[in-house]
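A structural walkthrough
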Amino acid sequence: MDPLFTVTVYSENQVGLLNQISIIFTRRNLNIWSLTVSASAIEGVHKFTITCRTSQKQIEAVVKQIEKKIDVLKAFYYTNDEIIYQEVALYKVQTENLLDSSDFEELVRSSHAHIMEINRTYTVIQKTGHCEEIQDLYEKLIPYGVLQFVRSGRVAITKSTEEKVSRFLAERAEVGRNVN
């Protein structure tokens, strides 16, 4: 199986850019495993975090093609050992089934999950972690009657002390000053 890469794309918040980026993956017959978009630490700059299983050569080509989009400031790719990452999941379980179990509380504690809401019909549990941990808790909750399950895409930051896009923007500003 191909390795999992995390691609980060920095851009201004422009309508239609998500579609343009996803088409790049589609044309190369690559499946996006997860996708998250949010504001970044840089004012006015948004960050797309995309995961994809492919080869190193293919991901390099994808990132180069993404950077050709006019609204994209910069794009990077990382392996799992270069970033710190998490996902968030919510599980809705039948409360009645939990009341009859002595193991449920221990399951939630040992999974480092949190109960967000309890009512007579359902209980909502939140878990933050890696994909495997989230899936493991889901499988352990199946006997309790999972009513709903949702998982976010990956959110990630680099292990570097500096955001690579900050260095890129500073270099671009310096070139602009030297031209004037």
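Preceding this paragraph is the structure being described.
Described below are features of the structure shown in this document. Small disclaimer: the values here were computed from a predicted structure and weren't measured.

It is worth spelling out unusual backbone geometry at this point. With a phi close to 60 degrees, N29 is a non-glycine residue in the positive phi region. Tracing the backbone shows N29 in the loop between α1 (17-27) and β2 (32-39). For N29, a relative accessible area of 71% puts it in the exposed group. Look at H112: it is not a glycine, yet its phi comes out positive at around 55 degrees. Following the sequence through the fold, H112 ends up in the loop between α4 (104-110) and β6 (114-118).

Turning to the packing of aromatic side chains, a few remarks are in order. Within this structure, the stated rule accounts for six aromatic pairs. Between Y10 and F76 the ring centres are 6.2 Å apart and the planes differ by 75 degrees, which places this aromatic pair in the edge-to-face class. In this pair, Y10 sits in strand β1 (residues 4-11) while F76 sits in strand β4 (residues 72-78), placing the two residues 66 residues apart along the sequence. Given a relative accessible area of 1%, Y10 falls into the buried group. Judged by relative accessible area, F76 falls into the buried class, the value being 11%. When the ring of Y91 is compared with that of F149, the centres are 5.2 Å apart and the planes differ by 35 degrees; the resulting orientation is tilted. Linking Y91 in strand β5 (residues 83-94) with F149 in strand β8 (residues 146-151), this pair joins segments that are 58 residues apart in sequence. A relative accessible area of 30% places F149 in the partly exposed class. Through a chain of ring-to-ring contacts, the aromatic side chains of Y10, F76 and Y78 assemble into a single cluster. One cation-aromatic arrangement involves K92 over Y122; the distance from NZ or CZ to the ring centre is 4.3 Å. Over the ring of Y85 we find R154, and its NZ or CZ is 3.7 Å from the ring centre.

So, on to the pattern of salt bridges. Side-chain pairs of opposite charge can arise whenever the charged atoms involved come near each other. Taken as a whole, this structure holds four salt bridges when the rule is applied. The shortest N-O distance in the salt bridge between E105 and R109 comes to 2.6 Å. In this pair, E105 and R109 are both assigned in helix α4, four residues apart and thus about one turn of the helix distant. Overall, the relative accessible area of 49% leaves E105 in the partly exposed class.

Further remarks concern the pairing of β2. Alignment of β2 against strand β3 (residues 46-53), held across seven bridges, turns out to be antiparallel. Bridge pairing in β3 places T36 opposite T49. Linking β2 to β3, which pair antiparallel, is a turn of six residues; within it G44 sits at a positive phi near 80 degrees.

The next point concerns the sheet that holds β1. Spatially, the four strands line up as an open sheet ordered β2-β3-β1-β4, and their pairing is antiparallel. The open sheet has two edge strands with one neighbour each: β2 and β4. Taken pair by pair, the neighbouring strands of this sheet meet at an average axis angle of 15 degrees, ignoring direction. The pairing of β1 with β3 spans eight bridges and is antiparallel. For L4, the partnering residue across the bridge sits in β3 and is R53. Across the sheet, α1 touches β1, β2, β3 and β4, and the angle it forms with β3 is around 20 degrees.

When the terminal C-alpha atoms of helix α2 (residues 56-67) are compared, their 17 Å separation across 12 residues agrees well with the 16 Å that a helix rising 1.5 Å per residue should span. Those residues of α2 that sit buried are I59, V62, V63 and I66. Along the axis of α2, the buried positions cluster into a sector of 95 degrees, meaning they face one direction only. Of the residues in α2, the exposed ones pointing more than 90 degrees away from the buried face are K57 and K64. Against β1, α1 and β4 lie the buried residues of α2.

Conventions we followed
- Residues numbered from 1 in each chain as written.
- Predicted model: local features only at pLDDT ≥ 70, side-chain atom pairs only at ≥ 80, totals over all residues.
- Heavy atoms only, no water.
- Helix = DSSP H or I, 4+ residues; strand = E, 2+ residues; numbered from the N terminus.
- Buried < 20%, exposed > 50% of the residue type's maximum accessible area, 1.4 Å probe, protein only.
- Phe/Tyr/Trp six-rings, centres within 6.5 Å; stacked < 30°, edge-to-face > 60°.
- Lys NZ or Arg CZ within 6 Å of the ring centre and 35° of its normal.
- Salt bridge = Lys/Arg side-chain N within 4 Å of Asp/Glu carboxyl O.
- Pairing = 2+ DSSP bridges.
- Axes fitted to C-alpha atoms, helices over the stretch in contact; angles between N-to-C directions.
- Contact = heavy atoms within 4.5 Å.
- Expected span 1.5 Å × (residues − 1).
- Arc of directions from axis to C-beta.

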